[in-house]
Each structure stands twice: as C-alpha cells, then as structure tokens.
Amino acid sequence: YTDNCSTRVRDAINTTLNGAIKKQLDSKSAAPGVTYRWHTRRLLADDWSVDLALDYVCGPFVDHQLSQWQECFLPVQMMRHLRDVRIDGRPLVMNETVLHTSKTIAERSAPPSRFWPYFLIGLAIGLIIALAGRMKNAWPRRSALALAMLWCLHGTLASSLLLFGWFFTRHIPPKWDQNVLQLSPVALLLLFLIPLSFNPRFA
C-alpha cells in the first residue's frame, strides 16, 4: 500500500518537482469512505478467495480515510489525480494517449456486499453440525465431528498465521487485526474438547 510500483513512480516525480505533488494531493481527501480496504475489495471483487483472505488479514491500518496522495498507490487513481496537479500555474499533464484498454477486465466502481452469502453459509454449516450431532446414527455424528474438527483446525492455522504477521514481519496492514478474535488460537483447545462432547458418556 505504501511502497509499490505506483507509489515509487509517484515519489520519483514528486522528488523531481521538489515535493509539489505531495503538497497538493496530501491536503485533499479522496471520496468519502474510500480506504485501502475499500479499494482492495473493489479490485478483487471477482476473485472471491483472495478477496476473503485479504479482508481477513488486513487490520485497522487499511480502514482510515485516504488522501489523494495515499490513493496514488493505484496507477489508475494516480493518473486521475495527476491531471489536477499544477506546477507554476500550468497543468503537469498536458495531454494523454491511451495505448490499450482491456476488454476482459474492468474495474468495479465499488466493492460488493457479501454479508448475506457469508451469513447464510455460516448458518448452514452451524445447523448441519448441530443437527447431525444430535442424531443417534453414527455416520451423521461422525460427519458433524469431522466438520467441526476441520473448522477448528482452520481457525487454529488462520489465527497462527495472523499472529505471525503481527509479531514477526514488518508488514503493517495485519497489525492488531481483530479478526483474530473470530478465528482464535483458542480453537486449538476445541480440537480436544469437541470429541468429548460427541462422546455419549459426556453428552
């Protein structure tokens, strides 16, 4: 977000112009509600798995309102903002030439809302585990146990990865991500407790 192929071009031009670009763009806010997360989810809307993964690992750093200077981490946004930059009263960009326009990949104007799909999938999984766990037949109970154990294993691995990003990398976006409270290391304990709950002697 802060050091990529787009920001380095922005910084190089800014340095050449003695800081004129940052002076003009850093004082202007991007559109209301536009954050790093907003742009990330907008651009990854058609790749469900990557969208979900990045939404999980990114913490509060990606949720603050962006300035136009920060929004230049994306080439298309940098192009838009540089059009308004003036140097000694003259526009920095005098003319533009489009070399290629993709016919297969288009940017969405806003990120999708996936609340209901996630809610319904989670509700269905919970109900399946609960109902199967109450059945007397062995196979539904074993299937529910396997699904619950798989979810706890997933939670343990995901939270461990997130905590590793907190303490052992220099990456800022994962820091203090509260999603660790949803997929928690506590799930490791459930890997041992859940089998007991499925045992008739402890039910």
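Quick caveat, the model's predicted, so the values are computed rather than measured.

Asker: Is there a simple way to explain the pattern of salt bridges in this structure?
Answerer: Where charged atoms from two side chains of opposite charge approach closely, those side chains can pair. Under the defined criterion, the tally for this structure stands at 9 salt bridges. Note that R41 is salt-bridged to D51, the shortest N-O span being 3.2 Å. Of this pair, R41 sits in helix α3 (residues 36-43) while D51 sits in helix α4 (residues 48-57), and the two are 10 residues apart along the sequence. Neither R41 nor D51 differs from the other in exposure class; each is buried. For R83, the salt bridge goes to E96, with nearest N and O atoms at 2.7 Å. With a gap of 13 residues between them, R83 in the loop between α6 (75-82) and β1 (86-87) and E96 in the loop between β2 (90-91) and α7 (115-134) connect regions that are remote in the sequence. On the accessibility criterion, R83 (36% relative accessible area) is partly exposed. Salt bridges linked by common partners bring R37, D55 and D63 together as one network.

Asker: It is not clear to me how the confidence of the model for the protein should be interpreted in this structure. Could you clarify?
Answerer: In regions of low pLDDT, the predicted coordinates are not meant to be interpreted in detail. Across the protein, pLDDT averages 88, with 96% of residues at or above 70. Confidence, expressed as mean pLDDT per element, reaches its minimum in the protein at helix α9 (residues 187-197) with 78 and its maximum at helix α5 (residues 68-71) with 97.

About the criteria used
- Residues numbered from 1 in each chain as written.
- Predicted model: local features only at pLDDT ≥ 70, side-chain atom pairs only at ≥ 80, totals over all residues.
- Heavy atoms only, no water.
- Salt bridge = Lys/Arg side-chain N within 4 Å of Asp/Glu carboxyl O.
- Helix = DSSP H or I, 4+ residues; strand = E, 2+ residues; numbered from the N terminus.
- Buried < 20%, exposed > 50% of the residue type's maximum accessible area, 1.4 Å probe, protein only.
- pLDDT = per-residue confidence, 0-100.

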